[in-house]
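The chain contents come next:
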Amino acid sequence: MTKKSAIFSEFEDVVDKLPDIIFILQEDLTVLFSNACARELFGSRAILSANNLSGLLLPEEREAFHASLPWKDGMSGEIQFLSENGAMTHAIWKVRALQKGRRTAWLFIAHDTTIEKQKDLDLLRFSNVIQRTINPIQITDASGNMVYVNPAFEKVSGYTSAELIGRNPRILNSGRHSKEFWSGVWQHISSGRIWVGKIENRRKDGSPIFMEVVLSPIIDAAGTILGYLGAHRDITEQKILEQQLIRSQKMESIGTLAAGIAHEVGNPLTAISSLVQVIQRTSSDGFAKEKLELINSQINRITRIIRELVDFSRPSTYIVKPTDINQVVRESLNIVRYGKKVKNISFELLFADEPLEITAVPDQIVQVFINILMNAVDSLEGRTGGILVSSRKKEQTVEVTIRDTGKGIESSELEKIFEPFYTTKEVGRGTGLGLWVSYGIVKSFRGDIFVESIPDRGSTFTVSFPVKG
Ligand SMILES: Nc1ncnc2c1ncn2[C@@H]1O[C@H](COP(=O)(O)OP(=O)(O)O)[C@@H](O)[C@H]1O
Ligand SMILES: [Mg+2]
């Protein structure tokens, strides 16, 4: 053996041990040499029988591959081979020129990237699913800071992904769950378990979102927690419907109770009232007369409350007739605008052009709108502000929206405002019966009242009725 061939066999040994595919090719790409990795992939026979390298390519790849010719030293590209077992092999290749006198041979090195390609494809599929799903999804790092949110998450939260990445999900905290609640959740997931539950969050604009959430740790092969996945379902609408149902059931039972009490209290009250009047007329005692006057004013107050209570549940004795809601709202506005409190308030009106007819008792509907408008005025608490009143027809319903820029209502209070005697106003200023009575009236004409509110920004009351049928 010459020295040279000893070196060659040593070189061959080394090249056989390399993990990449190696060919030495003639200028016409005929295979001069292939290493063990190449032989294993293509089979020695296939290499021998292939005229040149392009015989080992996937047929549809050949044209593109030939387009890379003539090669230059250091050129590289991507290619798909057909392996001995018929599978496709993705590879990245690079060529080096081997100068042999005046002739050039090529050292062709290819690195199998089939697994990476598959992983890339899997990743693309998963990321597409996550990007496109309607479920809001959020991924955090191990310390709980967000590293990814999908478009659905941006949409429900009102934040852009740039505003959320790097932040703690606390930014969405509604303050409606206790510290203990959150530390319980955190303990649960940081010990590697999945947490499922319902939470109330807050959008960027301050309004509440109700979510059904699955929080699960993302764990690597060694069992280390890399981060957390939050998959959400927006149940805000469902929650609102649920609350409306509960409200209407509650109102019904409270209504029956209140009407009963009002009736029982009303009769003796009438008796007391007439006795007071008799004594007032017949007594000459100045002190007694003065006190009786006070008693009378208190009786009047009770009577007023009783009348409102009865109004709620008593079937109306007024006449039901076709009523143009625009007309009714205008009338209510005229009454409210005379008040002293409305000096700094600008009213904006956006009525539908057509008359919006419903079937109702106009005077009762006026009462509803006066109350909602007065509440809107009160919500501004003397500050400068605006009230937008608009009406529209939506398929088979007529809708009036009254939006104020007042103090707003906390989401925890939203349901209570329709309860009788719920008021946040000073004693004597509010009875807390306004919305309760309004709700009763609206329901009696098969309508509904809907509220949205953002604390410190304002509230929107929407009253809807079926179109006159
Ligand atoms: N537009 C509004 N903005 C803020 N709070 C409101 C608004 N409308 C109603 N409320 C809240 O609902 C409560 C109940 O209203 P209502 O039943 O009309 O009774 P009252 O006006 O006598 O207090 C109010 O005291 C107030 O706290
Ligand atoms: Mg009121």
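Residues numbered from 1 in each chain as written. Chains lettered and ligands numbered in written order. Predicted model: local features only at pLDDT ≥ 70, side-chain atom pairs only at ≥ 80, totals over all residues.

### Focus on the sheet that holds strand 2 (residues 31-34)
One key point about sheets: their strands pair by backbone hydrogen bonds, in either a parallel or an antiparallel sense.
Right, on to step 1. Within the open sheet, the five strands sit side by side as 2-1-5-4-3. Their pairing is antiparallel. Whereas interior strands pair on both sides, the edge strands pair on one side only; in this sheet they are strand 2 and strand 3 (76-82). Between one strand and the next, the sheet's axes are offset by a mean angle of 30 degrees, whatever the strand orientation.
Right, on to step 2. Bridging between strand 3 and strand 4 (residues 88-100) involves seven bridges; their strand directions are antiparallel. Note that in strand 4 the partner of Ile79 across the bridge is Ala91. (Pairing = 2+ DSSP bridges. Helix = DSSP H or I, 4+ residues; strand = E, 2+ residues; numbered from the N terminus. Axes fitted to C-alpha atoms, helices over the stretch in contact; angles between N-to-C directions.)

### Considerations on the packing of helix 11 (residues 325-337) against helix 12 (residues 362-379)
Right, on to step 1. Where helix 11 contacts helix 12, the axes come no closer than 8 Å and their chain directions differ by 50 degrees. When the axes of helix 11 and helix 12 are compared, the pair comes out oblique. As helix 11 packs across helix 12, the resulting crossing turns out to be right-handed. Every residue of helix 12 that contacts helix 11 at Val328, Val329, Glu331, Ser332, Leu333, Ile335 and Val336 is listed here: Pro362, Ile365, Val366, Phe369, Ile370, Leu373, Met374 and Val377.
Right, on to step 2. The residue makeup of the contact of helix 11 with helix 12, split by class, is 13 nonpolar, one polar and one charged. (Parallel < 35°, antiparallel > 145°, perpendicular 65-115°, else oblique. Left-handed = near helix turned anticlockwise from the far one by under 90°. Contact = placed C-beta atoms within 7 Å. Nonpolar A, V, L, I, M, F, W, Y, C, P; charged D, E, K, R; others polar.)

### Comments concerning the site of ligand 1
Right, on to step 1. In the vicinity of ligand 1 there are 22 residues, among which Asn375, Ser379, Thr423, Gly430 and Gly434 approach most closely.
Right, on to step 2. Breaking the shell around ligand 1 down by element, the ones donating at least two residues are helix 12 and helix 13 (434-444).
Right, on to step 3. Of the residues forming the shell around ligand 1, the biggest block, four residues, is contributed by helix 12.
Right, on to step 4. Split by residue class, the shell around ligand 1 holds seven nonpolar, 12 polar and three charged. (Near = placed C-beta within 6 Å.)

### Examining the pairing of strand 1 (residues 21-25)
Right, on to step 1. Alternating positions in strand 1 separate cleanly, Ile21, Phe23 and Leu25 being buried on one face and Ile22 and Ile24 remaining unburied on the opposite face.
Right, on to step 2. Here strand 1 runs beside strand 5 (residues 103-112); their pairing, made up of five bridges, is antiparallel. Directly across from Ile22, in strand 5, lies its bridge partner Ile109.
Right, on to step 3. When strand 1 meets strand 2, the two strands line up antiparallel, connected through three bridges. Following the sheet pairing, Phe23 is matched in strand 2 by Ser34.
Right, on to step 4. Counted along the chain from strand 1 to the antiparallel partner strand 2, the turn is five residues long, and its residue Leu29 has a positive phi close to 70 degrees. (Buried ≥ 20, exposed ≤ 12 C-beta atoms within 10 Å, placed from the backbone.)

### Considerations on the domain arrangement of the protein
Right, on to step 1. Annotation of the protein at the domain level lists domain 1 (3-117), domain 2 (133-234), domain 3 (237-314) and domain 4 (319-466).
Right, on to step 2. Taking only C-alpha atoms into account, the centre of domain 2 sits 37 Å from that of domain 4.
Right, on to step 3. Taken together, the contact pairs five residues of domain 2 with six residues of domain 4.
Right, on to step 4. When its residues are assigned to classes, the side of domain 2 that touches domain 4 shows one nonpolar, two polar and two charged. (Domains from an automatic or database assignment.)

### Some words on the pairing of strand 9 (residues 208-219)
Right, on to step 1. Here strand 8 (residues 195-202) pairs with strand 9 via eight bridges, running antiparallel. Bridge pairing in strand 9 places Lys198 opposite Glu212.
Right, on to step 2. Relative to strand 10 (residues 225-234), strand 9 runs antiparallel, the two sharing nine bridges. Its bridge partner being in strand 10, Pro217 is matched across the sheet by Tyr228.
Right, on to step 3. Connecting strand 9 to the next strand, strand 10, in antiparallel fashion are five residues, including Gly223 with a positive phi near 90 degrees.

### A few points about the nonpolar core
Generally speaking, a soluble globular protein has its nonpolar side chains buried in company with each other.
Right, on to step 1. Ile325, Val368, Phe369, Ile372, Leu373, Ile402 and Tyr439 are the most contacted members of the largest nonpolar core, which totals 36 residues.
Right, on to step 2. Residue assignment for this core shows that the elements contributing at least two residues are helix 11, strand 13 (357-360), helix 12, strand 14 (385-394), strand 15 (397-404), helix 13 and strand 17 (458-466).
Right, on to step 3. Among the elements that make up this core, the one with the highest residue count is helix 12 (seven residues).
Right, on to step 4. With residues near it in sequence (within four places) discarded, Phe369 still touches Val328, Val329 and Ser332. (Core = buried A, V, L, I, M, F, W, Y, C linked by C-beta atoms within 7 Å.)

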